[in-house]
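# Examination of the molecular architecture
If you want the building blocks of each chain, they are given just below.
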Amino acid sequence: MTKLDLSVDEVLTTTRAVRKRLDISKPVPRAVLEECLELALQAPNGSNRNEWRWIIVDEPAMIAKVAAEYRAAMGILQSGQQPSPLAPAHAVPREDKLMDSALSLPEKLDKMPAILIPLMPGRVDGKGVAEQAAMWGSIVQAVWSFFLALRSRGLGSVWTTVASRREKEIAALLGIPYDRYTQVGMFPIAYTIGTDFKRAWRKPVSEVLTYNRF
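Description of the structure in this document. (Residues numbered from 1 in each chain as written. Predicted model: local features only at pLDDT ≥ 70, side-chain atom pairs only at ≥ 80, totals over all residues. Heavy atoms only, no water.)

## Describing empty space enclosed by the protein
Heads up, the rule is: A pocket, in this scheme, is an open set of points on a 1 Å grid over the protein atoms alone with protein on both sides within 12 Å along at least 5 of 7 lines, while a cavity is a set where a 1.4 Å probe fits but cannot get out; residues line either one if an atom lies within 4 Å of a point. Grid points are joined across faces, edges and corners, and a volume is the space filled by probe spheres set on the points. Helix and strand assignments follow DSSP, with helices taken as H or I runs no shorter than four residues and strands as E runs no shorter than two, numbered in order from the N terminus. Lys, Arg, Asp and Glu make up the charged group, whereas Ala, Val, Leu, Ile, Met, Phe, Trp, Tyr, Cys and Pro make up the nonpolar group; the residues left over, Gly among them, are polar.
Applying the stated rule across the entire model yields one cavity of 30 Å³ or more. Considering only enclosed or pocket space, the largest cavity measures out at about 70 Å³ in volume. Looking at the lining of the largest cavity, the elements with two or more residues in it are α6 (140-152) and β4 (155-156). Looking at the lining of the largest cavity residue by residue, the class counts come to five nonpolar, five polar and two charged.

## So, the packing of aromatic side chains
Rules: Note on aromatic contacts: the rings of Phe and Tyr and the six-membered ring of Trp form a pair at centre separations within 6.5 Å, being stacked when their planes are under 30 degrees apart, edge-to-face when over 60 apart, and tilted otherwise. Type-normalised accessible area, obtained with a 1.4 Å probe on protein chains alone, sets the label of each residue: buried when under 20%, exposed when over 50%, and partly exposed for intermediate values. A ring is scored as having a charge over it whenever the NZ atom of a lysine or the CZ atom of an arginine sits within 6 Å of its centre and within 35 degrees of its normal.
Here the structure, examined in full by the defined rule, presents five aromatic pairs. Seen in terms of ring centroids, Phe 147 and Phe 187 are 5.6 Å apart; in terms of plane orientation they differ by 85 degrees. Their pairing is edge-to-face. You can see Phe 147 sitting in helix α6 and its partner Phe 187 sitting in strand β6 (residues 187-192), a full 40 residues away along the chain. Comparing Phe 147 with Phe 187, the two get one shared label, buried. A connected cluster of aromatic rings, assembled from ring pairs, spans Trp 144, Phe 147, Trp 159 and Phe 187. The aromatic ring of Phe 197 is capped on one face by Arg 21, whose charged end is 3.9 Å from the ring centroid. Above the plane of the ring of Tyr 178 lies Arg 123, whose end atom (NZ or CZ) is 4.0 Å from the centre.

## Digging into the environment of Val 124
Convention followed: By definition in these notes, contact holds between two residues if any of their heavy atoms fall within 4.5 Å.
For Val 124, the position within the fold is in the loop between β3 (114-121) and α5 (129-136). Overall, Val 124 belongs to the buried group, its relative accessible area being 19%. Residues within four places of Val 124 in sequence aside, it is in contact with Gln 132, Met 135, Trp 136 and Thr 182.

## Side note on the packing of helix α2 (residues 30-40) against α6
The line we're drawing: Comment: axis = line fitted to C-alpha atoms, over the contacting stretch for helices; angle = value between 0 and 180 degrees taken between N-to-C directions. Angle categories: roughly parallel below 35 degrees, roughly antiparallel above 145, roughly perpendicular from 65 to 115, and oblique for all the rest. Crossing handedness: left-handed means the near helix sits turned counterclockwise from the far one by under a right angle, and right-handed means the same turn made clockwise.
Viewed as axis vectors pointing N to C, α2 and α6 meet at an angle of 135 degrees, and their least axial separation amounts to 8 Å. By the angle between their directions, the pair α2 and α6 is classed as oblique. Crossing hand, α2 versus α6: right-handed. For the pair α2 and α6, the contacting residues are Leu 33, Cys 36, Leu 37, Leu 39 and Ala 40 in the first and Ala 142, Ser 145, Phe 146, Ala 149 and Leu 150 in the second. When its residues are assigned to classes, the contact of α2 with α6 shows nine nonpolar, one polar and no charged.

## A look at a nonpolar patch on the surface
Definition in use: Patch building starts from residues that exceed 30% relative accessible area and form no salt bridge, then joins like charges within 9 Å and nonpolar side chains (Val, Leu, Ile, Met, Phe, Trp, Tyr) within 5 Å. With residues, only the protein chains shown are counted as cover, and all accessible areas are computed by Shrake-Rupley using a 1.4 Å probe. One speaks of a salt bridge when a side-chain nitrogen belonging to Lys or Arg is within 4 Å of a carboxyl oxygen belonging to Asp or Glu.
A contiguous nonpolar patch, built from Val 205, Val 208, Leu 209 and Tyr 211 and spanning about 460 Å² of accessible area, is present on the exposed surface. Along the chain, Val 205 turns up in helix α8 (residues 205-208).

## Overview of α6
Rules: Residue count minus one, scaled by 1.5 Å, sets the expected span of a helix.
End to end, α6 covers 19 Å across 13 residues, agreeing with the expected 18 Å (1.5 Å per residue, within 8%). Each element contacted by the buried residues of α6 is listed here: α1 (8-14), α2, β2 (53-57), β3, β4 and β6. Note on α6: the residue one or two positions beyond its end, Gly 154, has a positive phi of about 85 degrees.

## Some details on helix α7 (residues 167-174)
Note the following rule: In this description, the arc belongs to the directions extending from the helix axis to the C-beta atoms.
Looking at α7, one finds that the buried residues are Glu 167, Ile 170, Ala 171 and Leu 174. Each buried residue of α7 lies within a common arc of 105 degrees when the element is viewed along its axis, so the set occupies one face. Every exposed residue of α7 that faces more than 90 degrees away from the buried side is listed here: Lys 168 and Ala 172.

## A look at the pairing of β3
We count it as follows: The criterion for strand pairing is that DSSP finds at least two bridges linking the strands in question.
Among the eight residues of β3, seven are classified as buried, and the element is accordingly described as predominantly covered. Of the strand pairs in this sheet, β2 and β3 are connected by five bridges, and their pairing is antiparallel. Bridging across to β3, Arg 53 finds its partner in Leu 119. Sheet topology places β3 next to β6; three bridges connect them, and they run antiparallel. In the sheet register, Leu 116 faces β6, and the bridge partner there is Phe 187. Where β3 lies against strand β5 (residues 181-183), three bridges are found, and the strand directions are antiparallel. Each bridged residue has a counterpart across the sheet, and for Pro 121 the counterpart in β5 is Tyr 181.

Following this line, the structure appears as structure tokens:
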């Protein structure tokens, strides 16, 4: 598959959350998706058990149904019934553009070439920190590796978890055994409009790093 001329550091620092620049007009071949997933599966997972499952939705009718559940989840979020646990306590740079971008995704999600839904075995409900850490720590790195593989091939995605508010409905729609698997997120996939992405704003290392104690 054709890859961009990017260094490892460039891939790591320019893999962005892409919404508005996802090109919904260009199909994404399954071979490209499978190649990216093949790379992602090299990520470490607990005891190398490989118990994860991955669903890629690329049938237009099913994408439309999944997108409808996402929009329903957004409605629950915006109504305040289940507010975001990560709502910022203070202003962040370019927050207005971030919100504008976030709200643009539901409008085009039903036209995406593909949507990825990774599954981790088990349910986190009622589990302690150690168990939850082992579960999430056995798949999130693979999902991010998938993002990096997409970026290096001119594609993009965005990490979304809002659809967890409709997890049971999505499980029923896709035939996922809800009592046996947890949906890690919903990730739209498309080629990007242009491939020039820049570093994002982040607090400097000096503000977030300490040695030997908090």
